[in-house]
Amino acid sequence: MSNFTENHDINSALHAVRSELATAASAAQRSPEDVQLLAVSKRKPLAAIEAAWLAGQRAFGENYVDEALEKISAWQDKHPDTTPEWHFIGAIQSRKAAAIAQHFDWAHSVDRLKVAKKLNDNRPPSLPPLSVCIQVNLDAEDTKAGIALTDVATLAGQISELPALRLRGLMSIPAPRQTETEQRAVFRQLAQAQAAIKQAHPQLDTLSMGMSGDMTAAIAEGATIVRVGTAIFGARDG
Ligand SMILES: *Cc1c(COP(=O)(O)O)cnc(C)c1O
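Residues numbered from 1 in each chain as written. Predicted model: local features only at pLDDT ≥ 70, side-chain atom pairs only at ≥ 80, totals over all residues. Heavy atoms only, no water.

S.K.: Account for the overall build of the protein chain, naming residues and giving values.
M.R.: Helix and strand counts for the protein chain stand at nine helices and eight strands. Since a compact globule built from 238 residues should have a radius of gyration of about 18 Å, the 17 Å found for the protein chain is in line with a globular shape. Projecting the C-alpha coordinates of the protein chain onto the three principal axes gives extents of approximately 50 × 40 × 35 Å. Counting across all 238 residues of the protein chain, residues that qualify as buried make up 50%. Within the protein chain, contacts between residues at least 6 apart in sequence are counted, and of these 62% link residues at least 24 apart. Total accessible area on the protein chain stands at roughly 11,100 Å², and carbon and sulfur atoms take up 50% of it. (Helix = DSSP H or I, 4+ residues; strand = E, 2+ residues; numbered from the N terminus. Rg over C-alpha atoms; globule rule 2.2 N^0.38 Å. Buried < 20%, exposed > 50% of the residue type's maximum accessible area, 1.4 Å probe, protein only. Contact = heavy atoms within 4.5 Å. Areas by Shrake-Rupley, 256 points an atom, 1.4 Å probe, with all protein chains shown as cover.)

S.K.: I'd like a rundown of unusual backbone geometry, residues and numbers included.
M.R.: Negative phi is the rule for most residues except glycine; trans is the rule for most peptide bonds. Located in the positive-phi region is Gln29, a residue other than glycine, with phi close to 55°. Positionally, Gln29 belongs in the loop between α1 (8-27) and β1 (36-40). Looking at Gln29, the relative accessible area reads 77%, which means it is exposed. Of note, the phi angle at Arg43 is positive, near 60°, even though the residue is not glycine.

S.K.: I'd like a description of the site of the ligand, backed by residues and values.
M.R.: In the neighbourhood of the ligand, 13 residues make up the surrounding shell, with Lys42, Asn63, Ser212, Gly229 and Thr230 lying closest. Here a nitrogen atom of the ligand and a side-chain polar atom of Arg227 are 2.9 Å apart. Interatomic distance of 2.5 Å between a side-chain N/O atom of Thr230 and an oxygen atom of the ligand. For the ligand, whose free accessible area comes to 390 Å², the fraction covered by protein is 89%. A class-by-class count of the residues in the shell around the ligand yields six nonpolar, four polar and three charged. (Near = heavy atom within 4 Å. Polar contact = N/O pair within 3.5 Å; in protein donor to acceptor, adjacent residues only side chain to side chain. Nonpolar A, V, L, I, M, F, W, Y, C, P; charged D, E, K, R; others polar.)

S.K.: Could you give an account of the pattern of salt bridges, naming the residues involved and the relevant values?
M.R.: A full pass over the atoms with the stated rule returns nine salt bridges. Residues Lys96 and Asp66 are paired through a salt bridge, measuring 3.2 Å at the closest nitrogen-oxygen approach. In this pair, Lys96 sits in the loop between β3 (85-88) and α4 (97-103) while Asp66 sits in helix α3 (residues 65-78), placing the two residues 30 residues apart along the sequence. Residue Lys96 is classed as buried on the basis of its relative accessible area, which comes to 15%. (Salt bridge = Lys/Arg side-chain N within 4 Å of Asp/Glu carboxyl O.)

S.K.: Tell me about helix α7 (residues 180-198), and please be specific about residues and values.
M.R.: The end-to-end C-alpha distance of α7, which contains 19 residues, comes to 26 Å, matching closely the 27 Å that a straight helix rising 1.5 Å per residue would cover. Listed in full, the buried residues belonging to α7 are Gln183, Val186, Phe187, Leu190, Ala191, Ala193, Gln194 and Ile197. On an axial view of α7, the arc spanned by its buried residues comes to 155°, and they lie on one face. Exposed residues pointing more than 90 degrees away from the buried face of α7 are listed as Thr181 and Gln192. Those residues of α7 that are buried are in contact with α6 (152-159), β6 (165-171), β7 (206-208) and α8 (215-220). (Expected span 1.5 Å × (residues − 1). Arc of directions from axis to C-beta.)

S.K.: Which residues make up the packing of helix α2 (residues 46-54) against α3, and what are the values?
M.R.: Two elements in contact, α2 and α3, have axes whose closest approach is 10 Å; the angle formed by their N-to-C orientations is 55°. Looking at the two axes, α2 sits oblique to α3. Between α2 and α3 lies a crossing whose hand is right-handed. The segment α2 lies against α3, with Leu46, Ile49, Glu50 and Trp53 engaging Lys71, Ala74, Trp75 and Lys78. (Axes fitted to C-alpha atoms, helices over the stretch in contact; angles between N-to-C directions. Parallel < 35°, antiparallel > 145°, perpendicular 65-115°, else oblique. Left-handed = near helix turned anticlockwise from the far one by under 90°.)

Structural data, given as structure tokens:
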């Protein structure tokens, strides 16, 4: 572990986020182990990921394919005996889908069949199926990524036919809301949608929802993965 450098700020921020997660879980009568913390490291250097790793963090979320591939490959060169879990959480352009299928463990942001097929067709047979979530647009703004709630069941059916993908659940990035009550109301829609499609897909185990500003509300509504960037790594520039 000698080629890791500690970072006191990241270490203490991670501890604070873990404790916020645990508090939210117990307020919801849930076990903290049932909520995975995904550290969103977009636009942060490899050193930030290393510091988080040193503080015990194992799963990392990235949004931009080229930036992520650079970090993943640098990580493998530097720390070949370690295996972080890499989650792709950004918009998936279909020409980048092959790289995602080859280098990530998860893709949270699948919102169309064309992309799902590309991920499936390019997943190396030597790797386990790629875990995927369907990204849902809960705000009905057509500028935002994600499919409408009414289309989730159809896409879930199609994805579950693809052998190199493992459909895990639903993901959403709702627009910021002022109060926890409002935040919870939106997250509840995603939880209810997941419960509905679970009848046809009982293996679903993931609700990827909640970020730095709304993780408590998301956990109260059943989030199993919260994606937290700023609260761990600090503000991003640009
Ligand atoms: C950037 C990002 C996050 C983390 O957001 P913070 O507010 O920094 O915690 C989570 N999910 C997605 C999809 C993101 O793009």
